[in-house]
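Chain residues, written in single-letter form:
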Amino acid sequence: MDTAHINSAFGATRLQGAGKLTWWGLDIYDATLYRAGSLSSPEFALNLRYQRSFTGISIANKTAEEMKKMGIPDTQAVLWGKEMAAFFPNVEPGQSLTAIYTPKQGTLFFYDGKQIAQVKGTEFSKAFFGIWFDSKTSAPKLRTELLGQHCPPPLISEGC
């Protein structure tokens with residue numbers, strides 16, 4: 001995988017973990033977690049390489065639905081869902097979406113290595129990345145594969 005866009009955000013990256021999301025026996029995407037410099041860095045990137053075709057709207061809706069499961073109020077999840085629907089592209093097998101978090105910038109979104117959006121602030125970032133890294137995730141096996149024996153990013157869990 002080409003990580004030039006991740007390296008340009010961080011300088012040096014370190015792979016923390018990788019896994020696959022499977023739903024009803026269907027491979028949905030391969031996920032990879034990178035950290036900036038060290039595994040305790042507050043900056044990180046999550047890359048999703050899709051194995052199936054999805055519309056940007058369906059990705060945004062599923063993301064908002066997962067945020068609700070994590071405890072985000074419905075009204076906030078709906079607003080963020082609409083915001084994401086405006087920038088998430090349709091994806092085909094082999095294409096990737098990458099979300100990069102830095103405390104100063106919030107979350108930067110990339111489609112096949114090209115920046116497509118920025119959502120500032122920690123509240124959105126915490127809700128978005130919580131889908132994969134929060135202990136209440138609906139994909140605990142994938143969470144374990146991504147985090148390995150290490151802590152989630154500080155955005156999600158201060159100390160563990």
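Along every chain, residues carry numbers that run from 1 in the direction the sequence is written. Totals for whole chains, interfaces and linings use every residue, but because this is a predicted model, local features are given only for residues with pLDDT of at least 70 and side-chain atom pairs only at 80 or more, for both listing and counting. The basis for every side-chain value is the complete set of heavy atoms in the structure, and neither hydrogens nor water enter the calculation.

A. Representation of the pairing of strand E4 (residues 96-102) within the structure. Burial analysis of E4 places seven of its seven residues in the buried class, which makes it a mostly covered element. Classification of residues uses two cut-offs on accessible area relative to the type maximum, computed with a 1.4 Å probe and protein chains only: under 20% is buried, over 50% is exposed, and between them is partly exposed. Numbered from the N terminus, helices here are DSSP runs of H or I no shorter than four residues, and strands are runs of E no shorter than two. Burial along E4 is two-sided: Ser96, Thr98, Ile100 and Thr102 facing one way and Leu97, Ala99 and Tyr101 facing the other are all buried. Should DSSP find at least two bridges between two strands, the strands are regarded as paired. In the sheet, strand E3 (residues 44-50) pairs with E4 via six bridges, with the strands oriented antiparallel. Bridging across to E4, Asn47 finds its partner in Thr98.

B. The arrangement of the layout of surface pockets in detail. Points on a 1 Å grid over protein atoms alone make up a cavity when a 1.4 Å probe fits among them but cannot get out, and a pocket when they form an open set with protein on both sides within 12 Å along at least five of seven lines; lining residues each have an atom within 4 Å of a point. Grid points are joined across faces, edges and corners, and a volume is the space filled by probe spheres set on the points. The space that makes up the largest pocket amounts to roughly 660 Å³. Surrounding the largest pocket, 29 residues form its lining, Leu21, Ile28, Tyr29, Lys62 and Glu66 being those nearest its centre. Sorting the residues of the lining of the largest pocket by element identifies strand E1 (13-23), strand E2 (26-36), E3, helix H2 (56-69), E4, helix H4 (122-133) and helix H5 (140-147) as the ones contributing at least two each. Among the elements that make up the lining of the largest pocket, the one with the highest residue count is H2 (six residues). The nonpolar class holds Ala, Val, Leu, Ile, Met, Phe, Trp, Tyr, Cys and Pro. Asp, Glu, Lys and Arg form the charged class, and all remaining residues, Gly among them, are polar. Across the lining of the largest pocket, the residue classes tally to 18 nonpolar, six polar and five charged.

C. View of the pattern of salt bridges. Each salt bridge in this description consists of a side-chain nitrogen of Lys or Arg and a carboxyl oxygen of Asp or Glu lying within 4 Å of one another. The full count for this structure, using the stated rule, is six salt bridges. Measuring nitrogen to oxygen at the nearest pair gives 3.9 Å for the salt bridge that ties Lys20 to Asp27. Classification of Asp27 as partly exposed rests on a relative accessible area of 30%. In this structure, a network of salt bridges that share partners links the residues Lys62, Glu65, Glu66 and Lys69.

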